[in-house]
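Architecture and fold: a report
One letter stands for each residue in the lines below.
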Amino acid sequence: MAINDGALDAKWVRLRNQVQEANPRVQDPLDVTAVLESLGWTDLLIEQQFGFSDVFQAGEELYHAIVREVTQVPLPVVVRTSRKQWVVTALRDLGHGLTFSLPMMVSILSMITLHLSFASYQYFSVSDATAIALATFLSFLTTGGFSQAMTNVYYVLVGMQKLQDVEATIFLIMRWALGLTGMVAIAIFAADFVLPLMPESLIALMVVYMIMLSSLWLSFTGLYILRREYLLTVIVALAIFMAFFLHHLGFPVEWSQAAAMGVASVLGIGVSIVIFRRRTRGVTEISGIFRTRLPQLARGASSYFLYGLLYFTYVYVDRLVAWSTQTTYLPYNIWFRGQYELGMDWSLAALFVPLSLAELLIATIMRRIEYLEHRITLENPHQFFRGLRVTYFQTLSVFVAASLFGVFATHIGAKILAALPLFHSSVPTHGVEPMVFFWSSWAYVLFSIAIFNVLFLFTLSHPSPALRVLTYGIIADVVIGVLATQIFQGYQYAVFGLFFSAGLIAVYSTVLVLRLIPNIDYLLYRLA
């Protein structure tokens, strides 16, 4: 079929360019057909727009058009990145990583200095703290997967130039997450009515905090995906100060925190809407090129949804084991352990440095792959794979060194603050706190290695083994944690489940990455 009409020919050229952008390495007409279908083209649409009988005929014609275009255009010269450009890019990635961790650090510092944060427990009774702790876990469980899915959908829509759909789609996912949160809240009330778990006042407190925290995490996600973490840090600091100020004015701590969470949620969503609309101002949609369907987006984001769900489950599962350990009489089946939580909170501070470097190091690996592909010929594949393995181990070594630095800095900081009366009660120095702090901080070093590998697998569009890593980690954490608490007769030994499971998935994920390196060309081809 010949494309003769001027307007139709221009649309055909745009479609050809978009197919080449989506997959620059098409090998045959079936590759082109696959790209067309991934972009939402159907037989009916392709017939209406271009007159072809089906997408296969359009794919064959497009393939020949691409071949003609490629043979007429000289091969591009490999552009070498200057040292200055590399440094600027590295500093930008590092800055983004640092700002990514800043809200967490602000929250931890407020706990140490003000003894108050969004869902802190130090001003609550143990029974109230139990309700708050469960609410925090449930809020991450109901929103963690949606937050990761929102991030994936955002980049997919931006990459497909569907900027006008970004805001509506993101807030649709937010509504789904809040809908799930509401359903969980109803289920909690129903379960407590059938089989009383806690007093109604505690159930109500848990549900209120779960809803408020879920709204908070979802509002924060919008600023994260827009790379406005510095604004998020400001909002977090203002909200924490508001909670502290209201509490010292005499308001109950639960009302002070609820007001702060509400204000932070509104600010987060409001700022996200403003930024979304500024980005789409003046943008005109290319009609007929992309037909994005919600089920397609949902299918593509499902792996990221599961990643968020599994990630937060793993982070909290050792706590659940500790809180439910019945070595002594407990008023309820789950009972908050403040000393265990304090040790875990300090361990999280050690992740500040490695999390800040994760994006930079993974970007470094991807740039190195591109460099090796241009420098090494196809006749030397073993040299390519050997260079890639060396690059992987170099970046992993830097990441491990950063994790070790974070652990040592956190332990030294704890010892320094322990000598100051103002911080004495906020430092893990009493009872089981030092033991939990020690083992959990080293566990998070191992866990950070696993997460580094998991993120690398996701970067290569290979999510199945990445999700398997976290699934095995959760199972090992529960089994080892339960056995340790029963054998040694102490809830604090649940941290052994975290430590040994983190070691297991660190080794397992590293083996998976090394096994995938010989298939890196195929993975990059599929990713393209």
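A look at the overall build of the chain
- Looking only at helices and strands, the chain features 18 helices and 0 strands.
- Here the chain, with 528 residues, has 49% of them falling under the buried criterion.
- Once local pairs closer than 6 in sequence are excluded, the contacts in the chain between residues at least 24 apart make up 79%.
- Accessible surface for the chain amounts to roughly 25000 Å². Of this, 67% is attributable to carbon and sulfur atoms.

Concerning the packing of aromatic side chains
- Scanning the entire structure with this criterion turns up 30 aromatic pairs.
- Ring plane angle 25° and centroid distance 4.8 Å describe the contact between Tyr314 and Phe447, whose orientation is recorded as stacked. One end of the pair, Tyr314, is in helix H11 (residues 294-323); the other, Phe447, is in helix H15 (residues 433-459), with 133 residues separating them in the sequence. Take Tyr314 and Phe447: they sit in the same class, and that class is buried.
- Here the guanidinium or amino end of Arg319 rests over the ring plane of Tyr316, the centre of that ring lying 4.9 Å away.
- Across the ring face of Tyr491, the terminal group of Arg337 is positioned such that the distance to the ring centre comes to 4.3 Å.

A word on the side chain of Asp318
- Note that Asp318 resides in helix H11.
- For the buried residue Asp318, which engages in no salt bridge, the nearest side chain bearing the opposite charge is Arg319, 4.6 Å off.
- When neighbours within four sequence positions are excluded, Asp318 is seen to be in contact with Tyr340, Met344, Asp477, Ala494 and Leu498.

Regarding the nonpolar core
- Among the nonpolar cores identified, the biggest contains 115 residues, and Ile170, Met206, Phe220, Phe276, Tyr340, Phe447 and Phe452 are the most heavily contacted of them.
- When residues in this core are grouped by element, the largest group, 15 residues, is from helix H6 (residues 126-159).
- Here Phe452 is in contact with Leu361, Ile362, Ile365, Tyr392, Thr395, Leu396 and Phe399, once residues within four sequence places are set aside.

What about the side chain of Ser441?
- Relative to the assigned elements, Ser441 resides in helix H15.
- With relative accessibility at 1%, the residue Ser441 sits in the buried group.
- Of note is the side chain of Ser441, whose polar atom sits 3.0 Å from the side chain of His411.
- Other than its neighbours up to four places away in sequence, Ser441 contacts Ser347, Val407 and His411.

Concerning the confidence of the model for the chain
- Averaged over every residue, the pLDDT of the chain is 78; the share at 70 or more is 77%.
- In the model, residues 71-79 has pLDDT below 50 throughout and makes 1 contact with residues more than four positions away in sequence or in other chains.

Some remarks on the packing of helix H8 (residues 200-225) against helix H9 (residues 229-248)
- Running from amino to carboxyl end, H8 crosses H9 at an angle of 150°, the nearest separation of the two axes being 8 Å. The angle between H8 and H9 falls in the class roughly antiparallel. Residues Phe220, Leu223 and Tyr224 of H8 pack against Glu229, Leu232, Ile235 and Val236 of H9.
- For the contact of H8 with H9, the per-class residue count stands at 6 nonpolar, no polar and 1 charged.

With respect to the packing of helix H16 (residues 463-487) against helix H17 (residues 494-516)
- Where H16 contacts H17, the axes come no closer than 7 Å and their chain directions differ by 155°. The angle between the axes of H16 and H17 places the two elements in the roughly antiparallel class. As H16 runs across H17, the sense of the crossing is right-handed. Along the contact surface, H16 presents Pro465, Arg468, Val469, Tyr472, Gly473, Ala476, Asp477, Ile480, Gly481, Ala484 and Thr485, while H17 presents Ala494, Phe496, Gly497, Leu498, Phe500, Ser501, Leu504, Ile505, Tyr508, Ser509 and Leu512.
- Class assignment for the residues of the contact of H16 with H17 results in 14 nonpolar, 6 polar and 2 charged.

Details of the environment of Ser125
- Within the fold, Ser125 resides in the loop between helix H5 (83-113) and H6.
- Of the residues examined, Ser125 reaches a relative accessible area of 36% and is grouped as partly exposed.
- The spatial distance from the C-alpha of Ser125 to the C-alpha of Phe336 is 9.9 Å, given a sequence separation of 211 residues.

With respect to H8
- For H8, which comprises 26 residues, the first-to-last C-alpha distance of 38 Å matches the rise-based estimate of 38 Å (1.5 Å per residue) to within 8%.
- Downstream of H8 by one or two residues, Arg227 has phi in the positive range, about 60°.

So, unusual backbone geometry
- In this model, Gln489 sits at a positive phi of 55°, which is unusual for a non-glycine residue.
- Relative to the helices and strands, Gln489 is located in the loop between H16 and H17.

Thoughts on a nonpolar patch on the surface
- Taken together, Tyr472, Ile475, Val479, Leu483, Ile487 and Phe488 make up a surface patch of nonpolar side chains, about 610 Å² in accessible area.
- Along the chain, the position of Ile475 falls in helix H16.

Structural notes on the environment of Ser426
- Tracing the sequence through the fold places Ser426 in the loop between helix H14 (381-418) and H15.
- It is 7.7 Å that separates the C-alpha atoms of Ser426 and Leu342, two residues lying 84 residues apart in sequence.

Some thoughts on the environment of Gly179
- Locating Gly179 in the fold gives a position in helix H7 (residues 163-194).
- Classification of Gly179 by relative accessible area gives partly exposed; the value is 34%.
- C-alpha separation for the pair Gly179 and Thr142, spaced 37 residues apart in sequence, amounts to 9.4 Å.

A closer look at helix H3 (residues 43-50)
- Three or more residues of H3 are buried, namely Leu45, Ile46, Gln49 and Phe50. Projected down its long axis, H3 shows its buried positions confined to an angular sector of 95°, all on one face. In H3, the exposed positions that point more than 90 degrees away from the buried face belong to Leu44 and Gln48.
- The positive-phi residue at the C-terminal boundary of H3 is Gly51, with phi of around 90°.

Calculation notes
Residues numbered from 1 in each chain as written. Predicted model: local features only at pLDDT ≥ 70, side-chain atom pairs only at ≥ 80, totals over all residues. Heavy atoms only, no water. Helix = DSSP H or I, 4+ residues; strand = E, 2+ residues; numbered from the N terminus. Buried < 20%, exposed > 50% of the residue type's maximum accessible area, 1.4 Å probe, protein only. Contact = heavy atoms within 4.5 Å. Areas by Shrake-Rupley, 256 points an atom, 1.4 Å probe, with all protein chains shown as cover. Phe/Tyr/Trp six-rings, centres within 6.5 Å; stacked < 30°, edge-to-face > 60°. Lys NZ or Arg CZ within 6 Å of the ring centre and 35° of its normal. Lys, Arg positive; Asp, Glu negative; His and termini not counted. Salt bridge = Lys/Arg side-chain N within 4 Å of Asp/Glu carboxyl O. Core = buried A, V, L, I, M, F, W, Y, C linked by side-chain atoms within 4.5 Å. Polar contact = N/O pair within 3.5 Å; in protein donor to acceptor, adjacent residues only side chain to side chain. pLDDT = per-residue confidence, 0-100. Axes fitted to C-alpha atoms, helices over the stretch in contact; angles between N-to-C directions. Parallel < 35°, antiparallel > 145°, perpendicular 65-115°, else oblique. Nonpolar A, V, L, I, M, F, W, Y, C, P; charged D, E, K, R; others polar. Left-handed = near helix turned anticlockwise from the far one by under 90°. Expected span 1.5 Å × (residues − 1). Patch = residues over 30% accessible without salt bridge, like charges linked within 9 Å, V, L, I, M, F, W, Y side chains within 5 Å. Arc of directions from axis to C-beta.

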